[in-house]
Every structure is written in C-alpha cells, then in structure tokens.
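# Overview (structure and organization)
Residue-level listing of the chains:
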Amino acid sequence: MSLLFRSKRGEQGAKITRIGPIRRFIMFFVSNAQQAVGSLGELWRTPFASLMTIAVLGLSLTLPATLYVVVKNSQAVGQQWDNPAEITAFLDKDLSSQQVETFQRRVSLMDEVAEVSHISREEALREFREYSGFGSAIDYLDSNPLPDVLIITPVRDYSSSERASQLQRKLAAENEVSEVKLDLDWVERLQALIQLIEDALGALAILLCIAVVLIVGNTIRLGILNRRDEIMIMKLVGATDGYIQRPFLYTGAWYGVIGGLIAWLATFLLIWWIRAAVLRVTELYDSQFRLQGLSFNELLILWAVAVGLGLLGSWIAVRRHVAAIEPR
Amino acid sequence: MIKFEQVSKTYPGGFQALNQVNFHLRAGELAFLTGHSGAGKSTLLRLIALMERPSIGRVLINGHDLRKIKRRQIPYVRRDIGVIFQDHRLLMDKTVYDNVALPLLIEGYTHKEAAKRVSASLDKVGLGGKERHYPIMLSGGEQQRVGIARAIVNKPPLLLADEPTGNLDPKLSMDIMRLFESFNSVGMSVLIASHDLGLIARMRYRTLTLKDGRMIDDGLAHEHHGGALTGSEL
C-alpha cells in the first residue's frame, strides 16, 4: 500500500514491487501467528520477571474463585433448608368443628397448598399438658384457651420465602383465620448473610481484577520502554503502531493464559484444603452435603477472565506508550 | 520527487532550524546536502521522512503534499523512503539478516521471499554471506553498509542518507558514495547530507548548501564555479 507512488508507479525509474491485498490479508494472520509465538518465546527468555507477573495474575484470581465456590455451596445448602417451609394458621376460637373441617377442605383445594394437617384444640391442649410441665394446673382452666391449628405445606413453587409469605397473606385474609405464622426468619437471615458475602465478594473481585490490570499494564509498560530503540527503528522503516503493539498484546494474553492455569491449580488446592473441614461441619449437622468444585464452564470462564484481564492491561499500556515513542 | 516550498521549521523554544527553504529534487536525481553542523541538514531530512512537520510552508513528495498525510498514514509513506543514519540504528541483539529483513517482514513478506531479497541486498553492499553475523561482530564500515542494505531492501524510490560516511575513513567513504551512485543509476532518487566537502567535490553532483537554516546555494551551477563557491563559503 504505497501512498505516494501509487499512480505513477510506471514512471519511476526504480522498479517498485508491491504485495497485493489478498497476500497482505493472509500475511496479516501469518505474522500474527508469528508474533504470538514470538511473544511466548520472549516470556521463555525472561522467565523470572514473567513468572512474577503471571503468578500475581493467577493468585489474584484464585481468591475470588475460591470464595465463589464457597458462596455457591452455601447457596445450595440454603436452598436445601428453604424448601420444606411450613405455614401455621391459628383459627378463630369460635368456630365449630364443622366449620373447621370445611375450612380445612377449602384450604387443601388451594393451588398453592400441597398438604394440610389439622391439630384440634383438644389435641393441642393434651400435648401442651404433657410437654409444658404445667400438668394439672391446666385442669383449673374453665375452657380450652387454645385454637384449632392448621399446618400447611405449600407446593414447591410456593416454598421460597417470598412466595410463601404471599400465601401467608392470602390465608391471613380469610375470616376463619386469626393469625398466620410463617417460620422463615432464619431462612431469610441466612439468605441475607449469603447476599452480604456475595456483595463483598463481588467488590473484592473487582478490586483484585483492577489490581491485575494495573500490574500487567505496568509490566508491559516496562517491556515497551526496554525496547524503546527497537520500536523507534521499526517505526522508521514503516511499521504501523498496530504491528508494533501486537507482540505486547500477545504477551498480555499469554500472561492471562498461563495465569489462568495457575488460578485453576491454586483454586483446586484451596478447595481440597477446606474440603475436609467442610465435611466435618456437615457431618455434625447430619447433612447429606457434598462440596462442589468449579464446573467445566466455570473453569472456562475463569480462564477467559484471566486472558481478558491480561489483554486489557497490555492494551492500556500499548495504547499509551507505543504511540508516544517517536523516532528521533 | 522532493519539493520544498517556503519551508520553515521552528522548534519549541524558538530555535529556527530552517528558514524559507525552496528546492526541487527531480526523480532519478542524486544530490548532496551540505552545511555546517546545526545548519539544518538533519532537520530537512527529518521533514521528508515525516519525523517532523514544518512550521510554515509545504513539503511535497511525488506531488503529494505531506501536510495531508495523517498520523496513521506515516508508516506507509516511510516504506517508500529508505533512510540511512550516521549511527546506522541497527538492532544490536538481532542478526544482520533480521535487521535487513525488518522492512520486508513489516510489509508482509514471508521469510522465504525476504531471504532472497535480503541476500541480494547484502550482495549489493558487499556483505554477502554475513546474514548470520551480529552487528557487534562487524566493523563500523560494515555496520553502516548493513544499514544501507536495510534502507534499499524493499527498493524504495527515494533514499535519504544523513552523514552516512561520518565515522569512516576516506577510502571507505568513497566506497559508500559509489554505492549510492549505483543505486541512483538504477533510478533511485538519492539525497545525501554530508559535510565531507572534499568527497562531495570529487563526486561532482548537484549540491544544496544550507547555512543557518537558509538555502544559500542550490548548486545547479556547481559544474561551472562550484569549487570557488564552496571554498569561499565553507
């Protein structure tokens, strides 16, 4: 692509032979591949400096990845405990047993309800006398102070805390019901806690990613400044900024590729480390719980993030510094 | 080929390197550019190679106004201009082959094609077979010739040389000048900045003379009274 001699090519004394556009297109990819391999070779020649940056990149990603695994597993646990939510409806004390039975049938026909069981006031009083320790003191009461109780298990779709409380409100609106209790407080607390950890983790991950970008950018910047003379000469003989930038971008990408592998390895090690402790805790809780590691897709995402951060860091460095070097 | 129209260059800080310079170097012409150090020779060459932009006036190459060349296009302009420096500007950690092949690889040649051209170019400057050497293993004159081989390897229509014989003895200098002559004889336009007046006088080519940034002699009449002029001026 000769700018100045395009039209008058034939008139020049010196014979100008140029490369056609198709060749140029193909050679673009060939030289990209060469530069990619060249950058890898460059890493190989300076293993110590490269390894430091790569290790920082990999280990910085290990922490968010491990915390992600922890959060993922605690979410799974939270869901396990969330499902069998029960709603307790205390009925009006003035209802006849006939009315209670009718109401129970009506509730059991609701779409949201999977199962309804009835604890009659007499049953409740008997239980109370047995277990409360008041014993015969209760015999002095003139009448039974306890109401009939319906214990309602919602269908699966309505077992999440939000939808269960929707059902709770619906039941509370019924005439026969005096009060509805939904014992979801502890589930909500657990979920709030998980949410808190998730948010803190997100912020931490963002900070670590920024740090990675800055570290990679700085390493690449030093690499560019080290090869200042070479870049000047390349510019003098007609290299575009893009051509000069590419090896540095590839270096950043390689940092990501290898750093991603380090992050995998370190995450595996960390999870293996905490697995024994987690299993002991779950044994104490009698739970059928298995710690899940990173899935295949999550591993790929972790890798992609590492490569992306490496590229981003080097891109920021080359944009600023390659253009700034002008031949003198 | 190269045309300067009322070109002035003032550097930041107020130093005026060139002052209303006019000249026209025709296609296929070889000319010398001379003057004391600091007279503006390097600045003039730098304006042609787009390493600087003029403060006033315009520079044309092959009829194209360089003011219209955008920053992104500069590399493509430079591919048509071979530049040779006094300090040869070689990559010392790369072989002679890598140095000379650099412009070709940048332009998109394969290594196979580049190898042919590189060896042809090295043959031309008398360094055939030294592809695998490193610049540090070569003498000053040989290093300079590697720089020349790099400048001509993609056969640019225009060749600029900034003090190409600055560090060389008279015999080597003459050899290098003969090289430029041979490039010129196949149609390359050549502009050589040099203060080696004895050498220039022997070559008997058009000589442009700069003094304090002004073009005081276009040297077109050099054939007739050139000796007297250069003697009195410098």
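Residues numbered from 1 in each chain as written. Chains lettered and ligands numbered in written order. Predicted model: local features only at pLDDT ≥ 70, side-chain atom pairs only at ≥ 80, totals over all residues. Heavy atoms only, no water.

With an unreviewed UniProt entry as reference, chain B is termed Cell division ATP-binding protein FtsE, source organism Aliidiomarina sedimenti. Quoted straight from UniProt, the Function (unreviewed entry) entry for chain B says "Part of the ABC transporter FtsEX involved in cellular division. Important for assembly or stability of the septal ring." (UniProt positions renumbered as here; feature names shortened; annotations may be inferred.)

If you look chain A up in an unreviewed UniProt entry, it shows as Cell division protein FtsX from Aliidiomarina sedimenti. UniProt's Function (unreviewed entry) comment on chain A is quoted here verbatim: "Part of the ABC transporter FtsEX involved in cellular division." Here chain A is described in UniProt, under the heading Subcellular location (unreviewed entry), as follows: "Cell inner membrane".

## Side note on the overall build of chain B
Scanning chain B for helices and strands turns up eight helices and 10 strands. In terms of overall dimensions, chain B is globule-like: its C-alpha atoms have a radius of gyration of 18 Å, near the 17 Å expected for 234 residues. For the C-alpha atoms alone, the extent of chain B along its principal axes is close to 50 × 40 × 35 Å. Out of the 234 residues in chain B, the part that is buried amounts to 58%. Restricting to contacts in chain B with at least 6 residues of sequence separation, those with at least 24 account for 68%. As presented, chain B carries roughly 9800 Å² of accessible surface, and 52% of it is formed by carbon and sulfur atoms. Distance from the positive charge centre (32 side chains) to the negative charge centre (24 side chains) of chain B: 6 Å. (Helix = DSSP H or I, 4+ residues; strand = E, 2+ residues; numbered from the N terminus. Rg over C-alpha atoms; globule rule 2.2 N^0.38 Å. Buried < 20%, exposed > 50% of the residue type's maximum accessible area, 1.4 Å probe, protein only. Contact = heavy atoms within 4.5 Å. Areas by Shrake-Rupley, 256 points an atom, 1.4 Å probe, with all protein chains shown as cover. Lys, Arg positive; Asp, Glu negative; His and termini not counted. Charge placed at Lys NZ, Arg CZ, Asp CG, Glu CD.)

## Quick look at the interface of chain A and chain B
Counting from both sides, the interface comprises 33 residues of chain A and, opposite them, 41 residues of chain B. Between chain A and chain B the total buried area reaches about 3500 Å² when both faces are included, carbon and sulfur atoms providing 56% of it. Contact with chain B buries surface across chain A, with Leu 3, Leu 4 and Leu 236 of chain A losing the most and accounting together for 20% of the total. At the junction of chain A and chain B, the tally comes to three salt bridges. (Buried area = accessible area lost by both parts, 1.4 Å probe. Salt bridge = Lys/Arg side-chain N within 4 Å of Asp/Glu carboxyl O.)

## Digging into the sheet that holds strand 1 (residues 87–91) of chain A
Residues and elements named next belong to chain A. Pairing within the open sheet is antiparallel, and its four strands lie in the order 2-3-1-4. A single partner strand is all that each edge strand has here, and the edge strands are strand 2 (113–119) and strand 4 (177–182). Each adjacent strand pair in this sheet contributes to an overall mean axis angle of 20°, direction not counted. Bridging between strand 2 and strand 3 (residues 149–154) involves six bridges; their strand directions are antiparallel. Within strand 3, the position partnered with Ile 119 by the bridge is Val 149. Packing of helix 3 (residues 97–109) onto the sheet brings it into contact with strand 1, strand 2, strand 3 and strand 4, and relative to strand 2 it is tilted by some 160°. (Pairing = 2+ DSSP bridges. Axes fitted to C-alpha atoms, helices over the stretch in contact; angles between N-to-C directions.)

## Let's talk about the packing of helix 1 (residues 21–45) of chain A against helix 8 (residues 241–284) of chain A
All names here are of chain A. Viewed as axis vectors pointing N to C, helix 1 and helix 8 meet at an angle of 55°, and their least axial separation amounts to 8 Å. The orientation of helix 1 with respect to helix 8, classified from their angle, is oblique. Between helix 1 and helix 8 the crossing geometry is right-handed. Here Phe 28, Ser 31, Asn 32, Gln 35, Ala 36, Ser 39, Leu 40 and Leu 43 of helix 1 lie close against helix 8, whose contacting residues are Tyr 243, Arg 246, Pro 247, Tyr 250, Thr 251, Trp 254, Tyr 255 and Ile 258. Class assignment of the residues belonging to the contact of helix 1 with helix 8 gives a composition of 10 nonpolar, five polar and one charged. (Parallel < 35°, antiparallel > 145°, perpendicular 65-115°, else oblique. Left-handed = near helix turned anticlockwise from the far one by under 90°. Nonpolar A, V, L, I, M, F, W, Y, C, P; charged D, E, K, R; others polar.)

## Quick word on the confidence of the model for chain B
Residue and element names in this part refer to chain B. Of all residues in chain B, 94% have pLDDT values of 70 or greater, and the mean over the chain is 88. Of all the helices and strands in chain B, helix 8 (residues 222–233) carries the lowest mean pLDDT, 43, while strand 8 (residues 189–193) carries the highest, 95. pLDDT under 50 marks residues 221–234. Its contacts with residues more than four places away, or in other chains, come to 11 contacts. Model confidence for the complex: the whole-complex pTM is 0.75, and ipTM, which rates the interface, is 0.88. (pLDDT = per-residue confidence, 0-100.)

## A short note on the environment of Pro 327 of chain A
Along the chain, Pro 327 of chain A turns up in the segment after helix 9 (296–324). Look past the residues within four positions of Pro 327 of chain A in its chain and what remains in contact with it is Met 232, Lys 235 and Leu 236 of chain A together with Arg 46, Met 51 and Arg 78 of chain B.

## Overview of the sheet that holds strand 3 (residues 30–34) of chain B
Residue and element names in this part refer to chain B. Taken in spatial order, the six strands of this open sheet run 6-7-8-3-9-10, and their pairing is mixed. The strands lining the two open edges of the sheet, one partner per strand, are strand 6 (81–84) and strand 10 (214–217). Mean inter-strand twist for the sheet, computed between neighbouring axes without regard to direction, equals 20°. Relative to strand 10, strand 9 (residues 206–211) runs antiparallel, the two being bridged by three bridges. Residue pairing for strand 10: Thr 209 is matched across the bridge by Asp 217. Across the sheet, helix 5 (residues 140–152) touches strand 6 and strand 7 (158–162), and the angle it forms with strand 6 is around 170°.

## Points about unusual backbone geometry
Across the chain, the bulk of peptide bonds are trans and the bulk of non-glycine residues have phi less than zero. Residue and element names in this part refer to chain B. Of note in this structure, Gln 6 is not a glycine but carries a positive phi near 50°. Its place among the elements puts Gln 6 in strand 1 (residues 2–10). For Gln 6, a relative accessible area of 40% translates into the label partly exposed. Despite not being glycine, Arg 89 has its phi angle at roughly 50°, a positive value.

## With respect to a nonpolar patch on the surface
A contiguous nonpolar patch, built from Ile 22, Phe 25, Ile 26, Phe 28, Phe 29 and Val 30 of chain A and spanning about 610 Å² of accessible area, is present on the exposed surface. In this structure, Phe 25 of chain A sits in helix 1. (Patch = residues over 30% accessible without salt bridge, like charges linked within 9 Å, V, L, I, M, F, W, Y side chains within 5 Å.)

## Details of the nonpolar core
The biggest cluster of nonpolar side chains holds 78 residues, and the ones touching the most others in it are Leu 159, Phe 180 and Phe 183 of chain B. Setting aside anything within four residues of it in sequence, one finds Phe 183 of chain B in contact with Lys 124, Val 125, Ile 148, Ile 152, Leu 159 and Met 188 of chain B. Ranked by size, the runner-up nonpolar core spans 39 residues in total, among them Leu 4 of chain A together with Phe 23, Ala 49 and Met 215 of chain B. (Core = buried A, V, L, I, M, F, W, Y, C linked by side-chain atoms within 4.5 Å.)

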